[in-house]
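Letter by letter, the chains look like this.
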Amino acid sequence: MFTAIDHVGIAVADYQAGLDFYTGTFGMTVAHEEVNEEQGVREAMLVPAADRSGTQIQLLAPLTPESTIAKFLDRNGPGVQQIAYRVDDLEQVAAELRAKGLRLLYDQPRRGTAGSLVNFVHPKDAGGVLVELVQPADH
């Protein structure tokens, strides 16, 4: 079902401070940055300097106080917000999960980072973890 752990999403209140911490402290490099108006976030995908796995850290900062990430920060403070699994066929995986009784947040996939397609498994159906499903743009 999953081909890899794509990334771990980290909610940060201050985008630049988060970026400075991960690059300065852990020596990570920025692989991609963008503003996703639809999701209400400014984000960066970070990779270790010696990237071997393809797994990334995604920093997520809210664009507005009403965004999902802002609400997460209000409830939980900064920290791990989600784990994302890479899939080859998001529609097929979503159908399999729905057939197993899991709820997905969106009826149809939405645009994610770098043109990927994404959907999320409701945390109440995944042991309290927000699970993101990511189909990279090149699939």
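Below you will find a few notes about this structure. The shown structure was predicted, so the numbers you read here are calculated from the model rather than taken from an experiment.

What follows deals with the overall build of the chain. Secondary structure assignment for the chain yields three helices and eight strands. Against the globule reference of 14 Å for 139 residues, the chain gives a C-alpha radius of gyration of 15 Å, in line with a compact fold. Summarising its shape, the C-alpha atoms of the chain cover approximately 45 × 35 × 25 Å along the three principal directions. With 139 residues in all, the chain has 41% of them scored as buried. Look at the contacts in the chain between residues 6 or more apart in sequence, and 53% of them connect residues 24 or more apart. Put simply, the chain shows about 7400 Å² of open surface, and 53% of that area lies on carbon and sulfur atoms. Both charge centroids of the chain, one from 11 positive and one from 19 negative side chains, sit 6 Å from each other.

Reading across from one edge, S2-S3-S4-S1-S5-S8-S7-S6 is the order of the eight strands in this open sheet, with mixed pairing throughout. One side of each edge strand has no neighbouring strand; the edge strands of this open sheet are strand S2 (29-36) and strand S6 (110-111). Against the sheet, helix H1 (residues 15-26) contacts strand S1 (4-11), S2, strand S3 (41-47) and strand S4 (56-62), and its axis sits at roughly 5° relative to S3.

Now for the packing of aromatic side chains. A ring pair, where both rings are aromatic, is described by two values, the distance of the centres and the angle of the planes. Summed over the entire model, instances satisfying the criterion amount to five aromatic pairs. Centre to centre, the rings of tyrosine 22 and phenylalanine 26 are 5.5 Å apart; their planes meet at 65°, and the pair counts as edge-to-face. Here phenylalanine 26 and tyrosine 22 lie together in helix H1, a separation of four residues that amounts to about one turn. With relative accessibility at 15%, the residue tyrosine 22 sits in the buried group. Three or more aromatic residues joined by ring pairs form one cluster here, namely Phe21, Tyr22 and Phe26. Here the basic side chain of arginine 110 rests over the ring of tyrosine 106, its NZ or CZ set 3.8 Å away from the ring centre.

Note on soluble globular proteins: their nonpolar side chains tend to be buried together. In this structure, Ile10, Val12, Tyr15, Leu19, Tyr22, Met28, Ala44, Leu46, Ile57, Leu59 and Ala61 together form the largest nonpolar core, which totals eleven residues. Among the secondary structure elements, those contributing two or more residues to this core are H1, S3 and S4. The next biggest cluster of nonpolar side chains, apart from the first, holds nine residues, and it includes Val93, Val121, Val131 and Leu133.

Tracing the chain through its elements places asparagine 119 in strand S7 (residues 117-121). Sequence-distant contacts of asparagine 119, defined by excluding residues within four places in its chain, comprise Leu90, Arg98, Leu104, Leu105, Tyr106, Gln108, Pro109, Val131, Glu132 and Leu133.

Let us now look at the side chain of aspartate 6. Locating aspartate 6 in the fold gives a position in strand S1. Polar side-chain contacts of aspartate 6 include one of 2.7 Å to the side chain of arginine 86. With residues near it in sequence (within four places) discarded, aspartate 6 still touches Met45, Gly54, Thr55, Gln56, Ala84, Tyr85, Arg86 and Val134.

Moving on: helix H3 (residues 90-99). Residues of H3 that are buried include every one of Leu90, Val93, Ala94 and Leu97, and no others. Down the axis of H3, the sector holding all buried residues measures 100°, keeping them to one side. In this structure, the buried side of H3 is in contact with S7 and strand S8 (131-135). If you check the start of H3, you find a side-chain oxygen 3.2 Å away from the backbone N of glutamate 91, and it comes from aspartate 89.

Cut-offs applied
- Residues numbered from 1 in each chain as written.
- Predicted model: local features only at pLDDT ≥ 70, side-chain atom pairs only at ≥ 80, totals over all residues.
- Heavy atoms only, no water.
- Helix = DSSP H or I, 4+ residues; strand = E, 2+ residues; numbered from the N terminus.
- Rg over C-alpha atoms; globule rule 2.2 N^0.38 Å.
- Buried < 20%, exposed > 50% of the residue type's maximum accessible area, 1.4 Å probe, protein only.
- Contact = heavy atoms within 4.5 Å.
- Areas by Shrake-Rupley, 256 points an atom, 1.4 Å probe, with all protein chains shown as cover.
- Lys, Arg positive; Asp, Glu negative; His and termini not counted.
- Charge placed at Lys NZ, Arg CZ, Asp CG, Glu CD.
- Pairing = 2+ DSSP bridges.
- Axes fitted to C-alpha atoms, helices over the stretch in contact; angles between N-to-C directions.
- Phe/Tyr/Trp six-rings, centres within 6.5 Å; stacked < 30°, edge-to-face > 60°.
- Lys NZ or Arg CZ within 6 Å of the ring centre and 35° of its normal.
- Core = buried A, V, L, I, M, F, W, Y, C linked by side-chain atoms within 4.5 Å.
- Polar contact = N/O pair within 3.5 Å; in protein donor to acceptor, adjacent residues only side chain to side chain.
- Arc of directions from axis to C-beta.

Worth remembering: the numbers are spatial, not functional.
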